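Below are the chains, spelled out letter by letter.
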Amino acid sequence: MLDIRQLQYFVAVAEEEHVGRAAERLHISQSPLSRQIAQLEDKLGLTLFERSAQRIRLTRDGHTFLAETRAFLTHGNRLEALAKRLGRGDEGGLCIGYIENAMHSGVLPESLRALRVGRPQVHIALYNMHSAEQVEGLRQRSLDIALLCEPPLPGDPDLDCAQVLSDPMLLALPETHPLASKAELTPEDLAGQEWIAVQHKESALKHDNFVAACARAGFTPDIRLEATEPLTALGLVAAGLGMAMIQHSLRHHAPAGVLVRELAWFSYRTPLWAAWHKVNLRPLVGIFRETLLAQAQPSKLADAA
């Protein structure tokens, strides 16, 4: 049977790509850590790492094993936490996966606050994960609810979903920009400007969809810089390096020096979906799902329509 400690060691080395740094993170010596990894490989009959004098990196099989190991450990942590909560007499717990926009938009915090009003003893475990990882977590039952940028495929035999946010996009530009004082902005105004694009970690398709939306609106963005998340893009706008489109829910996060403008003619929106397993084994999951949908639909979908 697999040793959970060895699996934890394996994940640390895989994430650090360096045995020494992993040993520091785990508060153990480097030599015992190397032996534990070698013993795990012998037990599995599988080479997990490619080793060189400079670094250690996962093999193709190692990447596959890492994904399954993380899911296994997440589920193990959930079981341990559940046992402790039951031992304390708590009402139960929820494991929720989310993407960053679920936090920025307020959908997740508002729903959790509403839940805790009547159930203050409920334990909540939050996991910031890619959408694909969340879908797998739902299938493996290591997650109860997932907040995703894209829904599961139609007709999925295991999962169900509902849209909880349709976030309009706003234009962010430097306060010193020549267009900042113009009362009404047109697509022609934006066509010749320098742009900062957000290249989403979730999917390159989001970037393509944004460019296509700009073309439909009547202009093509001249993209000079790309950021991996919108708060970074706002920082670049504040530095005067270009303009960017951000979600409406991020308007209060704009730093000094950034002006945020609505564009009624720009129809592109950023969706947020909630997903869950069709077979609900615990009432608390259903209660939170209904709380989430009740919080999101009136305040988010109607306003964005």
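In this text, all values refer to a predicted model and were calculated from it rather than measured experimentally.

**Things to note about the packing of aromatic side chains**
Per the stated rule, a full pass over the model turns up 10 aromatic pairs. Seen from their ring centres, W195 and F219 are 5.7 Å apart, and the 20° between their planes marks the pair as stacked. With W195 in strand β7 (residues 194-198) and F219 in the loop between α9 (204-217) and β8 (222-227), the pair connects residues that are 24 residues apart, well separated along the chain. As far as burial versus exposure is concerned, W195 and F219 are alike and both buried. Consider the rings of W265 and F266, whose centres lie 6.4 Å apart with planes at 90°: the pair is edge-to-face. By relative accessible area, W265 is classed as partly exposed at 29%.

**Looking at the environment of I56**
Within the secondary structure, I56 sits in strand β2 (residues 56-58). With 40 residues separating them in the primary sequence, I56 and E16 have C-alpha atoms 8.9 Å apart. If we ignore the near neighbours within four places in the chain, the residues touching I56 are V13, E17, H18, V19, F49, E50 and R51.

**A look at the packing of helix α1 (residues 4-16) against helix α2 (residues 19-26)**
Packing of α1 against α2 leaves a shortest axis separation of 8 Å and a crossing angle of 130°. For the element pair α1 / α2, the angle class is oblique. With respect to the hand of their crossing, α1 and α2 are arranged in right-handed fashion. Where α1 approaches α2, its residues Y9, A12, V13, E15 and E16 are matched on the opposing element by V19, R21, A22, R25 and L26.

**Considering the confidence of the model for the protein chain**
Confidence along the protein chain averages 88 in pLDDT terms, with 92% of residues attaining 70 or more. The lowest-confidence element of the protein chain is helix α11 (residues 283-304), averaging 73 in pLDDT; the highest-confidence one is strand β5 (residues 145-148), averaging 96.

**Here we look at the pairing of strand β6 (residues 159-174)**
Counting buried positions along β6 gives 12 out of 16 residues, so the element sits mostly inside the fold. Pairing of β6 with strand β11 (residues 269-277), which is carried by nine bridges, proceeds in the antiparallel orientation. Along β11, the bridge assignment pairs P168 with R269. Strand direction decides the pairing type here: β6 and strand β9 (residues 244-247), joined by four bridges, are antiparallel. Its bridge partner lying in β9, L170 is registered against I246. In terms of strand pairing, β6 meets strand β10 (residues 258-261) through four bridges, oriented antiparallel. Within β10, the residue paired with A172 across the bridge is V260.

**Here we look at the environment of G155**
By the secondary structure assignment, G155 is in the loop between β5 and β6. The spacing of G155 and S52 is 103 residues in sequence and 46 Å in space, taken between C-alpha atoms.

**Observations concerning the packing of α1 against helix α3 (residues 30-44)**
In contact at an axis separation of 9 Å, α1 and α3 are set at 110° when each is read in the N-to-C sense. Relative to α3, α1 is oriented roughly perpendicular. Remark: the crossing between α1 and α3 carries left-handed chirality. Where α1 approaches α3, its residues R5, Q6, L7, Y9, F10 and V13 are matched on the opposing element by L33, Q36, I37, Q39, L40 and K43. For the contact of α1 with α3, the residue count by class is seven nonpolar, three polar and two charged.

**Concerning the environment of G20**
On the secondary structure map, G20 appears in helix α2. When the C-alpha positions of G20 and Q30 are compared, they lie 5.7 Å apart, and in sequence the two are 10 residues distant.

**Description of the pattern of salt bridges**
In total, this model carries 14 salt bridges according to the counting rule given. A cluster of three or more residues bridged by salt bridges with shared partners is formed by E15, E16, R21, R25 and R70.

**Looking at the side chain of T69**
Tracing the backbone through its elements, the reader meets T69 in helix α4 (residues 60-88). Residue class for T69 comes out buried when judged on its relative accessible area of 4%. Excluding anything up to four places from it in sequence, T69 contacts L7, F10 and V11.

Rules behind the numbers
Within any chain, residue numbers begin from 1 and follow the written order of that chain's sequence. For a predicted model such as this one, the threshold for reporting local features is a pLDDT of at least 70, and the threshold for listing and counting side-chain atom pairs is 80 or more; totals across whole chains, interfaces and linings nevertheless cover every residue. Side-chain numbers come from the whole structure's heavy atoms, not from hydrogens or water. Ring pairs shown here join Phe, Tyr and Trp side chains whose ring centres sit within 6.5 Å, with only the six-membered ring taken for Trp; geometry is labelled stacked below 30 degrees between planes, edge-to-face above 60, and tilted in between. Numbering of helices and strands runs from the N terminus; a helix is a DSSP stretch of H or I covering at least four residues, while a strand is a stretch of E covering at least two. The rule is simple: take the accessible area with a 1.4 Å probe, protein chains only, and divide by the maximum for that residue type; under 20% is buried, over 50% is exposed, in between is partly exposed. Any pair of residues with heavy atoms lying within 4.5 Å of one another is described as a contacting pair. Here an axis means a line fitted to C-alpha atoms, over the contact stretch when the element is a helix, while the angle between two N-to-C directions is reported on a 0 to 180 degree scale. Should an angle fall under 35 degrees it is taken as roughly parallel, and over 145 as roughly antiparallel, whereas 65 to 115 is taken as roughly perpendicular and any remaining angle as oblique. In this scheme, a crossing is called left-handed if the near helix is turned counterclockwise away from the far one by less than a right angle; it is called right-handed if the turn is clockwise. Within a predicted model, pLDDT stands for the predictor's per-residue confidence, ranging from 0 to 100. Between any two strands, pairing holds if DSSP finds at least two bridges. Only Asp, Glu, Lys and Arg are considered charged, only Ala, Val, Leu, Ile, Met, Phe, Trp, Tyr, Cys and Pro nonpolar, and every remaining residue, Gly among them, polar. Salt bridge criterion: a side-chain nitrogen from Lys or Arg within 4 Å of a carboxyl oxygen from Asp or Glu.

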